[in-house]
Amino acid sequence: MKSRRGRLLAGLSLVGALIGLVIVLQSAAEQRSWASAEGTVQERLKSGKSVSVRVEYPLPDGSRQVATLSENGPARQPGERVTVRYDLQDGKVVDAALADNDQAFCVVGVMLGVVVLGGIFLNLVAWTPERED
């Protein structure tokens, strides 16, 4: 740990965790700024361990959009009302997500926060001078 390689690896792990944490926080903040609408779950789809829902929701121009969105929160059944966040560019939806997907950002943020704390600890251990008896 006190070697040159150990110090380098401790520093790189801290920098990587910090960059990951910044990206997750930035993505979460960006998604919160998207427009939102109330939609209706039309169908629940399972593929292996992942679950997604087909949701219909209105757009500002009055048209209706149907999208298949990843389900990371509670189980949604057909007919249920959900809030959908979507990103419009040039009048077209370029990305959409269920509003309760914030839970996924929280989980990843907490995990990366723990990694950052571990990286700080490793750097303290790696860079503190050895005690002389």
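All of the points below concern the structure found in this document. Note that the structure is predicted; figures quoted are calculated from it, not measured.

Strand order in the open sheet formed by five strands is 3-2-1-4-5, and the pairing between neighbours is antiparallel. Of all the strands in the sheet, the pair left with one neighbour each is strand 3 (64-70) and strand 5 (92-98). Geometrically, the sheet is characterised by an average inter-axis angle of 40° between neighbouring strands, direction not taken into account. The pairing of strand 4 (residues 81-89) with strand 5 spans six bridges and is classified as antiparallel. For R85, the partnering residue across the bridge sits in strand 5 and is A97.

What follows deals with the pairing of strand 3. Two strands pair when backbone bridges link them, and strand 2 (residues 50-58) and strand 3 are joined in this way by seven bridges, in the antiparallel orientation. For V53, the partnering residue across the bridge sits in strand 3 and is L69. Hairpin connection from strand 2 to strand 3: five residues lie between these consecutive antiparallel strands, with G62 at a positive phi of about 95°.

Ranked by internal contacts, the top residues of the largest apolar core, which has 13 residues, are V55, Y57, L69, V84 and L98. Among the secondary structure elements, those contributing two or more residues to this core are strand 1 (35-47), strand 2, strand 3, strand 4 and strand 5. Counting six residues, the second-largest nonpolar core is a separate cluster that includes L14, A17, V24 and L112.

Another point: the environment of S13. For S13, the location among the structural elements is in helix 1 (residues 4-32). Sequence separation between S13 and V53 is 40 residues; the distance between their C-alpha atoms is 37 Å. A distance of 2.8 Å separates the side chain of S13 from the backbone oxygen of A10, its partner in a polar contact.

Attention shifts here to the pattern of salt bridges. A complete count under the given rule lists four salt bridges for this structure. As a salt-bridge pair, E56 and R64 come within 3.2 Å of each other at their nearest N and O atoms. When its relative accessible area of 46% is taken as the criterion, R64 is described as partly exposed. Notably, a salt bridge pairs R76 with E80, separated by 3.3 Å at the nearest N-O pair. A residue is classified by how much of its surface remains accessible, and E80, at 27% relative accessible area, is partly exposed.

Definitions and cut-offs
Residues numbered from 1 in each chain as written. Predicted model: local features only at pLDDT ≥ 70, side-chain atom pairs only at ≥ 80, totals over all residues. Heavy atoms only, no water. Pairing = 2+ DSSP bridges. Helix = DSSP H or I, 4+ residues; strand = E, 2+ residues; numbered from the N terminus. Axes fitted to C-alpha atoms, helices over the stretch in contact; angles between N-to-C directions. Core = buried A, V, L, I, M, F, W, Y, C linked by side-chain atoms within 4.5 Å. Buried < 20%, exposed > 50% of the residue type's maximum accessible area, 1.4 Å probe, protein only. Polar contact = N/O pair within 3.5 Å; in protein donor to acceptor, adjacent residues only side chain to side chain. Salt bridge = Lys/Arg side-chain N within 4 Å of Asp/Glu carboxyl O.

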